[in-house]
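Observations on the model geometry
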Amino acid sequence: MATRKWIFGVSLLLTGMVLLSACSGGSKAGTTPADGGGSKAAGESKQGGTINYGLSDEPDTLDVQKSGMAVVNSIGWWIGGSMLAQDPESKKYVCYLCDSYEVSADGLTWSFKLKENAKFHDGNPLKAVDWKWTFERAQNPDTKAKNAGALVKEVKSVEAVSDYELKITLNNPFAPFADALSTGFLAPLSKAAAEKEDYGRNPVGAGPYAIAEWRSGERIALKRNPDFNWAPAFYQSKGPVMPDELVFQIIPEEATRIAALESGDVDITNVNYQNVDRFKSDGTFEVLSIKRQGLGLFVIFNLERPELQDPKVRQAINSGINRDAIIKSVLRGFGKPAYGPLPEVYFGYDPGVEQTGYRFDPEKAKKLLEDAGYKKGAEYYERDGKVLTLNLFTQTSGTWKAASELIQADLKEVGIKVDVQPYEWATLTAGLTNGKHDMSLMGYTYADPDVVYLFLHSSQIGQGINWSKVNDPALDRLIELGRASVDPAKRADAYKQLQALMIEKAYWAPVYNEEQFFAINKRVQGVWMHPTKGLQYMDASVQAK
Amino acid sequence: MRLLRRFLRKKAAVIAGLYIFLLLFTALFAAQLSPHDPLKVYSAHALEAPSVTFPLGTDNLGRDILSRIIYGTRVSLRVGLMAVSIAAVIGSTMGMLAGYLGGWIDQIVMRIVDIMLAIPGILLALIIIATLGPSMNNLILAVGISSVPTYARLVRGTVLSAREREYVEAARALGSGSLRIMLKHILPNIVAPIVVLGSLGVGVAILSTAGLSFIGLGVRPPTPEWGGMLADARTYLRDAWWMFTFPGLAISSTVLSANLLGDALRDVLDPRLKQ
Amino acid sequence: MLTYVIKRLVAAVPTLLGVTLVIFSMVHLTPGDPVQVMLDVHASADQVARLRAELGLDRPLPEQYARFLFGALRGDLGNSLKSGRPVGAEMAERLPATLLLALAGMGIAIPLGIFLGVVAAARRDTWVDSVTMVIAMMGVSLPSFWIGILLIYVFGVQLNLLPVAGASSWKHLILPAVTLGTLASSVLARMTRSGMLEVLNSDYVRTARAKGLSGKVVLYKHALKNTLIPVVTIIGVQIGSLLGGTFIIEQLYAWPGVGRLAVGAIQARDYPMMQGIGLYVAFAYVAVNLVVDLIYGLLDPRIRYS
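1. Overview of the interface of chain C and chain B
- In this assembly, 34 residues from chain C lie in contact with 32 residues from chain B.
- Looking at the side of chain C that touches chain B, the elements with two or more residues in it are α1 (2–29), α6 (127–139), α7 (144–158), α8 (170–200), α11 (247–252), α12 (258–267) and α13 (271–299) of chain C.
- The greatest single-element share of the side of chain C that touches chain B, amounting to 8 residues, is contributed by α1(C).
- When its residues are assigned to classes, the side of chain C that touches chain B shows 26 nonpolar, 7 polar and 1 charged.

2. As for the sheet that holds strand β7 (residues 109–114) of chain A
Residue and element names in this part refer to chain A.
- Read across the sheet, 4 strands follow the order β6-β7-β9-β8 without closing on themselves; strand pairing throughout is antiparallel. The sheet is open, and its two borders are formed by β6 (98–103) and β8 (155–162), each paired with just one other strand. The average undirected angle you get between the axes of adjacent strands in this sheet is 15 degrees.
- Note that β6 and β7 share 5 bridges and pair antiparallel. Bridging from a neighbouring strand, Ser100 pairs with Lys113 of β7.
- On top of the sheet, helix α2 (residues 128–139) reaches β7, β8 and β9 (165–170); it is set at about 165 degrees to β8, its chief contact.

3. Concerning the interface of chain A and chain C
- In this assembly, 41 residues from chain A lie in contact with 39 residues from chain C.
- Among the secondary structure elements, those contributing two or more residues to the side of chain A that touches chain C are β12 (245–250), α6 (254–263) and α14 (425–433) of chain A.
- Ranked by the residues each element gives to the side of chain A that touches chain C, the list is headed by α6(A), at 6 residues.
- A breakdown of the residues in the side of chain A that touches chain C according to their chemical character gives 14 nonpolar, 14 polar and 13 charged.

4. Comments concerning the sheet that holds strand β19 (residues 386–387) of chain A
Residues and elements named next belong to chain A.
- A sheet is described by the order of its strands in space; here 3 strands give the open sequence β17-β18-β19, paired in antiparallel fashion. If you trace the sheet from one side to the other, it starts and ends with β17 (375–376) and β19, each paired once.
- Taken together, the 2 bridges between β17 and strand β18 (residues 381–383) define a ladder with antiparallel strand orientation. Looking at the pairing, Lys375 lines up with Glu382 of β18.

5. Remarks on helix α10 (residues 178–214) of chain B
- Taking 1.5 Å of rise per residue, 37 residues should cover 54 Å, yet α10(B) covers just 46 Å from first to last C-alpha, more than 12% shy of that figure.
- Largest kink in α10(B): about 50 degrees, centred on Leu187(B), with the proline Pro188(B) one to four residues after it.

6. Here we look at unusual backbone geometry
- Put simply, Gly239(A) and Pro240(A) share a cis peptide bond, and its omega is -5 degrees.
- Summarising the element assignment, Pro240(A) is placed in the loop between β11 (219–224) and β12.
- Along the chain, Pro221(B) connects to Pro222(B) via a cis peptide bond; the corresponding omega equals 5 degrees.
- With respect to the helices and strands, the residue Pro222(B) is situated in the loop between α10 and α11 (226–233).
- Unusually for a residue other than glycine, Lys144(A) sits at a positive phi of about 55 degrees.

7. Describing the packing of α10(B) against helix α12 (residues 241–269) of chain B
Residue and element names in this part refer to chain B.
- At a minimum axis separation of 8 Å, α10 and α12 run at an interaxial angle of 165 degrees. Considering their axes alone, α10 and α12 lie roughly antiparallel with respect to each other. The hand of the α10/α12 crossing is left-handed. Residue-level inspection shows Ala192, Val195, Val196, Ser199, Leu200, Val202, Gly203, Ile206, Leu207 and Ala210 of α10 in contact with α12, the latter providing Ile251, Thr254, Val255, Ala258, Asn259, Leu261, Gly262, Leu265, Arg266 and Leu269.
- Classifying every residue of the contact of α10 with α12 by side-chain character gives 14 nonpolar, 5 polar and 1 charged.

Rules used throughout
- Along each chain, numbering runs from 1 in the same order as the chain's sequence is written.
- Note on labels: chains are lettered from A, ligands numbered from 1, in written order.
- For a predicted model such as this one, the threshold for reporting local features is a pLDDT of at least 70, and the threshold for listing and counting side-chain atom pairs is 80 or more; totals across whole chains, interfaces and linings nevertheless cover every residue.
- Contact definition: two residues whose C-beta atoms, as placed from backbone geometry, lie within 7 Å.
- Strands here are runs of E lasting at least two residues and helices are runs of H or I lasting at least four, both read from the DSSP assignment and numbered beginning at the N terminus.
- Residues were grouped as follows: Ala, Val, Leu, Ile, Met, Phe, Trp, Tyr, Cys and Pro as nonpolar; Asp, Glu, Lys and Arg as charged; and all remaining residues, including Gly, as polar.
- Any two strands with at least two DSSP bridges between them are considered paired.
- All axes here are fitted lines through C-alpha atoms, helices being fitted over the stretch that makes contact, and every angle between N-to-C directions spans 0 to 180 degrees.
- A helix is expected to span 1.5 Å for every residue after the first.
- The term bend refers to the angle at a residue between two fitted axes, each drawn through seven residues, those ending there and those starting there.
- Convention used here: angles under 35 degrees read as roughly parallel, angles over 145 as roughly antiparallel, angles from 65 to 115 as roughly perpendicular, and any remaining angle as oblique.
- Crossing handedness: left-handed means the near helix sits turned counterclockwise from the far one by under a right angle, and right-handed means the same turn made clockwise.

As structure tokens, this is what we get:
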């Protein structure tokens, strides 16, 4: 139940949350149109029909600027559209609601030539003034913007040069800005619509699907936008889309969602790991997957605890966790062990961590504890008559809970007593902010390696999410260097050093990186997986039942 | 003796009683009866079907289900009995005070009971556990508190009718104090209904615990608890029926026995049903 | 009778106040900060303080409670912290589903429960009695989500007869209502049986029998009617709790009722939503109890309202 997905800050998904939603990840397994394979819309695809999607979390609002949920980013994007879109092949950011754009050499001035034929669902043309209003609304404190607010933090000014020319000036170069412009959180807003009562339930955008109905707790139905013909170049279809409707049925319970997929009540849903092979071998379904754009699971330590201030103890814990066994049981093998703070899909990832990172070695872990002055008692290590006992925060169900139980068993073998404490998300983060944890499971989804700033920079202790309380000037310097470097080589080098330092000091215990799987009833054709943005419904069509 | 004979005439109840004894025995000798350590993770054997080594199969992490069910007996009985005790003690005290003393005390106590009844038990439990943290004691507290009003109402009703009886009047006329009358003359009257309600309550408590585990508010891992095992198994119906089936059977058979026992006790102890 | 109703409603005020006060205190005691849940985790201290002040969360608790009460009196329950929409509107969207499920569940439970109870009592101590009662007992011995998952698997996946999730047609109602109804009927069956037995052993039924009235007339005309009072009480209690939403069933069948809304509100520390739901549940409880008491009068003319 506790699988609510929030994205914090710059699309940072602190996953308590087993499930990534369709907004994140990267993939080789997905079929992109350029591959020419998979279930692309066949030539004879017909207009009409409904795609039913089994959704685990209901959005809080579809006023995209006021949400921090991953699911809102995704659904909001299909309704709203965005200035840029990421090409699934080249990973470059290409125009969506613009004809062309350029960035000045210093990275501060972004100029866009807008598409002149694009218009909102309510019939109003989409002009530069609308974009200006959209950005200013996100920046206005009265809006209480969540992710959108963080995404526009570096925006200094927005200028409507003419009806269809827009100029955005930034305070500082901000590498993730192109990605920000391709998210649903920064979809263009129609002022006339957004100022109406209950806009969050009746959003208006410029995307291929428009809102038809939102029945609270039950379903969100989108319908074809018949005027849409401005899809980005990497889609087969320019629009409008084929299906009449794209319906998100809210089914919170995983077992029910899978049953609904099997019974044909829904056509698409995310499937848990133990069902992947079954759906893959079932001819009725196609299974697509996406790699997480982030680190799936790691253990953070509270460095205010005297026991954990000793790097040897942290190293011992790192050596005591059997990553392969966790991946086998919890992910049913659909994952890879993680050794460093960054995932392999990131810019700046250093493959060297796979050699230098900690491996499962209980004997080494015991030796490290003995070096740290602990003596083995009856069952556990002790020092000054005190058993080495640490609590471990986790979620109340799903992969986190299972992983925490395995880590507990692993560390018991080493001789560390772990007290697993499952909390639902709000209690968990409150506990972390108040420093009640010794250790906690954690995971993130983010667009850029700069995520380490949020988790590890000393300025983020207290009010931020540096819940480990890591305060290391050498680490701070590398984080700052990575942020500010415009030269890719320099930036990569900073992150390489940072990854080495993280391993040396064992500030985290990385566990795994995972993939997320979706099963699609073959009744629905042409849905493909974007490696970072999730499932794509632009080229989809539905066969009659 | 007559009561015992009447009880023994009910075959179902006798079987249920024997089953409960068996459970108590299992709980006491869990360590001797379990083929494996219930917490031991056999990673290489995750999700194995029942076999000689693992008679009821293994769970998703590779733990022996039989051993976990055996140890789970301790948890379930403890939660059931303690939750019932908490509810019975608090509820009966409230009911006795309200029923015997009457007046404004009765008014206040019954208002409190109304308030407790008006708040859905699951919300109460959710908030208690969110506030105090997940632990077996807090779980017991949460489950126990939500059934306090039932006992309070029952006891109050019983006391109201008991205190009008001649012997109570007589005791009062002889100058006995309120406390003495309550303990000596009224308490015995409410024992039978409380025993009946309590035996039914054990079942309710075990089911409530399973429900809370479903929401993720059960006992702390890795403690083996039936409801938690069942909740963990809910997505494994297709590929590991043993994970889903056996903890469910353990819960239902225990609750069923407690209910049968409770019903039989009611028939036996309730004087109005004497033939 | 009208004066009686008014009196009862006035007497309900302390209960309502008590419930709101208890829920208000509990919600505010729960760790977790709604403002932090609402804003980014790394929102500036300034932003947090601003929002807190705007929501009135920086005021002393008694003042916040008073504001909530006076708002409620004016029909304003505030806005949900999660969605930003009025609490009243959000609840109004979920209530029909909860009412429908409660009524459908009881629509199954009442006839089934009473029928089983009467049959068992009429054939007391025969195999009919035992079988009926063991069946009824099973109903209260199975974890509801265990049964629910099995029903979903059998009727949804294997037989593919019924939809398993949602509320868009009458077919969607069947599985949740049956799950709920079976559980509720067990209690009713047992209550009816013991009530019937008690009445059948009473003096006036013996008299009726002695006067030569047939078994059936005695059973239905005299015994059943007199059994209904405790049964109505139980029905009242059950409806009262169903109106608060049945979280597990709603969660399992993706039924859009109040129970899921309430649990979601607790998880998001959505104070106004929690308080609104608490108030509603208390109202429902009071109303159902009043109706039950009025029904007593219809069943038993000896009861007079004053």
